[in-house]
Amino acid sequence: MSLVAVARKLHGVLQPHGILIGGICGMMHGIERFTRDVDLATDLDAEKVMMLLKNEGIEAETNVGDSFDRLSWVIKGVCDDVEFQILFAKDIGIDLSHGELKLELLIASEEDFITSKCIAGGQQDLHDVAVLMLLKPALKAFIEQQAEQYDCQEKLQAWLYDERLLSRYGN
Amino acid sequence: MTKVKLTRKQRELLARAELQEPQTIYALANMLGRPYRRVYDHVQQLAVMGLVSLKQKKINNRNATLVISNDIYYQRLLRLDDMYAAHLELNA
């Protein structure tokens, strides 16, 4: 089964409470990079999600965050040989009502996608934010504001000076 | 992009083409439960409007026409799957 088919399947299992985030969402917003897994966010609680997955015969496990963790829980599993994870939307700045429906898949809005990436704060996350900033200059002010709020300006700046990124996405 | 007015049947056909891997006209007609000839005509009309591309392919030694949506989001999802398939091949 293809990556997108798995994304559709998991998205369907969670409906109407699931939204695509991560690499697939990024690709839909124009960030061309490889991704090997499916990331979703939901406004359901972990127990409900696990029950829905179990009903569909999809194996997964819940990792509960501790008081130091910014995530309440993360559900990880494998569906048709594709790894997936499901996060609690509120933990990562995702609001399902902001989602955009593309080809019957609900994907996080550009703004929520940026917020979630700034909260995550990893190199790959800031790469994606930098690409969006180069692709869509209208988002610059919002991105700078989020990067400051979540203290990731340095990583973002490093990517904005990355020659490969500039040659691919810069003007 | 210029807005074009589609009939309900054309919209259904386009939606189906966007939700599947590239399909032959014959397969699309089967999925939609419509006569091949009508679907063929609608596919040609969608192609003229620039909403789908047509690609000739030999399937089981017979010539077939694959219908590929030109929707930008569809193209992005296709590329995502292509990259994933290439990754699986490399790691096989």
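Anything mentioned here points back to the structure above.
Residues numbered from 1 in each chain as written. Chains lettered and ligands numbered in written order. Predicted model: local features only at pLDDT ≥ 70, side-chain atom pairs only at ≥ 80, totals over all residues.

A. Local environment of the overall build of chain A. Secondary structure assignment for chain A yields eight helices and seven strands. Taken over the C-alpha trace, chain A has a radius of gyration of 16 Å; the compact-globule value for 171 residues is 16 Å, and the two agree within 12%. Considered along the principal axes of its C-alpha atoms, chain A spans approximately 50 × 35 × 25 Å. For chain A, buried positions account for 39% of its 171 residues. (Helix = DSSP H or I, 4+ residues; strand = E, 2+ residues; numbered from the N terminus. Rg over C-alpha atoms; globule rule 2.2 N^0.38 Å. Buried ≥ 20, exposed ≤ 12 C-beta atoms within 10 Å, placed from the backbone.)

B. Representation of the sheet that holds strand 2 (residues 52–59) of chain B within the structure. All names here are of chain B. Reading across from one edge, 1-3-2 is the order of the three strands in this open sheet, with antiparallel pairing throughout. The open sheet has two edge strands, strand 1 (23–24) and strand 2, and neither has a second partner. Of the pairings in the sheet, the one linking strand 2 to strand 3 (residues 62–69) comprises eight bridges and is antiparallel in character. Looking at strand 3, one finds that Leu 54 is bridged to Val 67. Against the sheet, helix 1 (residues 8–19) engages strand 1, strand 2 and strand 3, with an angle of about 95 degrees to strand 3. (Pairing = 2+ DSSP bridges. Contact = placed C-beta atoms within 7 Å. Axes fitted to C-alpha atoms, helices over the stretch in contact; angles between N-to-C directions.)

C. Quick peek at the nonpolar core. Counting residues in each nonpolar core, the largest one holds 50 residues, and the members touching the most others are A:Ala7, A:Ile19, A:Leu20, A:Ile21, A:Val38, A:Leu40 and A:Val129. With residues near it in sequence (within four places) discarded, A:Val38 still touches A:Leu3, A:Val6, A:Ala7, A:Leu10, A:Ile24, A:Val82 and A:Phe84. (Core = buried A, V, L, I, M, F, W, Y, C linked by C-beta atoms within 7 Å.)

D. The arrangement of the interface of chain A and chain B in detail. Taken together, the contact pairs 13 residues of chain A with twelve residues of chain B. Counting residues per element, the ones that place at least two in the side of chain A that touches chain B are helix 1 (3–14) and helix 2 (22–28) of chain A. Grouping the amino acids of the side of chain A that touches chain B by side-chain chemistry returns seven nonpolar, two polar and four charged. (Nonpolar A, V, L, I, M, F, W, Y, C, P; charged D, E, K, R; others polar.)

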